[in-house]
Protein chains: 2
Amino acid sequence: MQENDRQTSRTQLAVESIRSLIFSGDLAAGTDHLENELAERLSMSRTPIREATRVLEAQGLLEVRPRKGVRILTLSAEDMNEIYVVLTELESLAAGLAARGKYSKAQLKPLLQSVLDMESSLQCKDRESWAAADERFHDELVRLAGNSRIAAITSNFNDQVRRARAFTLHLRPLPVKSNEEHRALFEAIARGDEKGARKIHWRHRENARKTLIGILEEVGMKHL
Amino acid sequence: MQENDRQTSRTQLAVESIRSLIFSGDLAAGTDHLENELAERLSMSRTPIREATRVLEAQGLLEVRPRKGVRILTLSAEDMNEIYVVLTELESLAAGLAARGKYSKAQLKPLLQSVLDMESSLQCKDRESWAAADERFHDELVRLAGNSRIAAITSNFNDQVRRARAFTLHLRPLPVKSNEEHRALFEAIARGDEKGARKIHWRHRENARKTLIGILEEVGMKHL
DNA sequence: GCGTAATTTAATGTATACGTTATCCCATAC
DNA sequence: GTATGGGATAACGTATACATTAAATTACGC
């Protein structure tokens, strides 16, 4: 009856389902949910739900508050700032490491492709596809850095700010400048310019951070 | 009969107990342990053990391998390097943020105290107490940076490399230079020199990284 | 009506039961 | 001796039972 495989255990399924529900907003930030409710919703007993929520708590997506249910975490502007500061630092480091990697043009192809994709998305003013390409760019950048810890942390933080980014996607100006920065970063990595890559990406992220925080303050969005 | 309080739930107790057992070496790196074994050892049922091991897995201290028990993770020299690279980056960032904080002498007292403690430990050649003061120094530094994410990540990584550091503590030369660096960093923070603080700490950590990796390679320690 | 104590409710923490199945062991075939 | 297959074992995943206790509700005295 039950699947024993780690990939398809109810616990694993619960982790993924709850993550999706959080990202989609079905479990809105700031709302509370009892174990029973989640169990019923996902058609399983409380046992896998409990294991899943403990894992998601460790990942910073929710908070277990005994007798009040799990609370989907909200992010204040201050939280956002903290996260962006760390992302800026670690991705810049990643950019430097990627440049140090002396990759060939062929190896950098996926990175270049994501830049091209962003440029074409920008021409059609298609923000959604631009965002998707942007995510690929950042993922690829971190992958090229070859440090699994950096990858794990940035992935986790990107999960945490995903909602905020989606929210502001349509509120901010078309990211023309952002694209120029991506291209410049690509060039720096391609020519193995570690310091340059670091600096370019650092400024890129700083800009992104300021834009995001600016919008959140403008909209008076205290929590997201 | 059971304690319901989050602080003293069996799950929480299991998390802390298992952590201690790992740090003390009672659960040695690379060894496997069945849920039943752990449950019996900690005098509780498998339920809290399972929840605890999932959390510890998310924290990177062990790996759940169905039917083979949980494996206490070992760290290769490469893992160590990855972790130190990230620690270097984030703690340097913390040092810069601490300097930017423009703290008063009074507020910096704990930091200074840990430097003084290290210096006196060094005079008695007491490595253990030096290491304890060193840990206080780094904790305080990160605290002063005022970014809870940096604190969480560095704390987690320090946990992961704790065994390795303890192992090499008596193999490396007395950290005279390290102490000079701590003092210099303190001065930089005290005078609000953000760039200087960053640079000093970066070099400090780089030295620590190279020393550690050097020793591990010298001793031919592939895993720890 | 209001504050406090008693009572009920229900969410949780934990133990336990049990079905499933990976793994091990051995018998048999070659 | 090696390989294959079947059966036993036991570790795990999950559901469920149940005691505990925080929170909600009611009862009560003033």
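Remember, it's a predicted structure, so these values are computed and weren't measured experimentally.

## Here we look at the packing of aromatic side chains
Reasoning step 1: As enumerated under the stated definition, the model contains zero aromatic pairs over all chains in all.
Reasoning step 2: Here Arg162 of chain A stacks its cationic end above the ring of Phe23 of chain A, 5.1 Å away from the centre of that ring.

## Some remarks on the environment of Phe167 of chain A
Residues and elements named next belong to chain A.
Reasoning step 1: By the element assignment, Phe167 lies in helix H7 (residues 148–169).
Reasoning step 2: Assessed through its relative accessible area of 33%, Phe167 is described here as partly exposed.
Reasoning step 3: The spatial distance from the C-alpha of Phe167 to the C-alpha of Leu224 is 8.8 Å, given a sequence separation of 57 residues.
Reasoning step 4: Sequence-distant contacts of Phe167, that is, excluding residues within four places in its chain, are made with Met221 and Leu224.

## What about the domain arrangement of chain A?
Residues and elements named next belong to chain A.
Reasoning step 1: Segmentation of chain A into domains returns domain 1 (6–72) and domain 2 (77–218).
Reasoning step 2: Taken residue by residue, the interface counts eight residues in domain 1 and five residues in domain 2.
Reasoning step 3: Considering only the surface of domain 1 that becomes buried against domain 2, Phe23, Ala29 and Gln59 emerge as the three largest contributors, covering 56% of it.
Reasoning step 4: For the interface between domain 1 and domain 2, the tally reads one salt bridge.
Reasoning step 5: For the interface between domain 1 and domain 2, the tally reads three residue pairs in polar contact (both at pLDDT 80 or more).
Reasoning step 6: If one sorts the elements of the side of domain 1 that touches domain 2 by residue count, helix H1 (residues 10–24) sits on top with three residues.
Reasoning step 7: Residues that form the side of domain 1 that touches domain 2 fall into these classes: five nonpolar, two polar and one charged.

## Here we look at the pattern of salt bridges
Reasoning step 1: Under the counting rule described, the total for this entry stands at 42 salt bridges over all chains.
Reasoning step 2: Here Arg149 of chain B and Glu82 of chain A are joined by a salt bridge, their closest N and O atoms 3.1 Å apart. Remark: Glu82 of chain A occurs in helix H4 (residues 77–100) and Arg149 of chain B occurs in helix H7 (residues 148–169); the pair is interchain, linking two chains. Each of the two residues, Arg149 of chain B as well as Glu82 of chain A, counts as buried.
Reasoning step 3: Among the salt bridges present, the one from Glu135 of chain A reaches Arg162 of chain A, with a minimum N-O distance of 3.1 Å. One end of the pair, Glu135 of chain A, is in helix H6 (residues 127–145); the other, Arg162 of chain A, is in helix H7, and 27 residues separate them in sequence.
Reasoning step 4: Taking relative accessible area as the criterion, Arg162 of chain A reaches 27% and is therefore assigned partly exposed.
Reasoning step 5: Shared partners join several salt bridges into a network, and the residues in it are Glu35, Arg46, Arg50 and Arg54 of chain A together with Glu51 of chain B.

About the criteria used
Residues numbered from 1 in each chain as written. Chains lettered and ligands numbered in written order. Predicted model: local features only at pLDDT ≥ 70, side-chain atom pairs only at ≥ 80, totals over all residues. Heavy atoms only, no water. Phe/Tyr/Trp six-rings, centres within 6.5 Å; stacked < 30°, edge-to-face > 60°. Lys NZ or Arg CZ within 6 Å of the ring centre and 35° of its normal. Helix = DSSP H or I, 4+ residues; strand = E, 2+ residues; numbered from the N terminus. Buried < 20%, exposed > 50% of the residue type's maximum accessible area, 1.4 Å probe, protein only. Contact = heavy atoms within 4.5 Å. Domains from an automatic or database assignment. Buried area = accessible area lost by both parts, 1.4 Å probe. Salt bridge = Lys/Arg side-chain N within 4 Å of Asp/Glu carboxyl O. Polar contact = N/O pair within 3.5 Å; in protein donor to acceptor, adjacent residues only side chain to side chain. Nonpolar A, V, L, I, M, F, W, Y, C, P; charged D, E, K, R; others polar.

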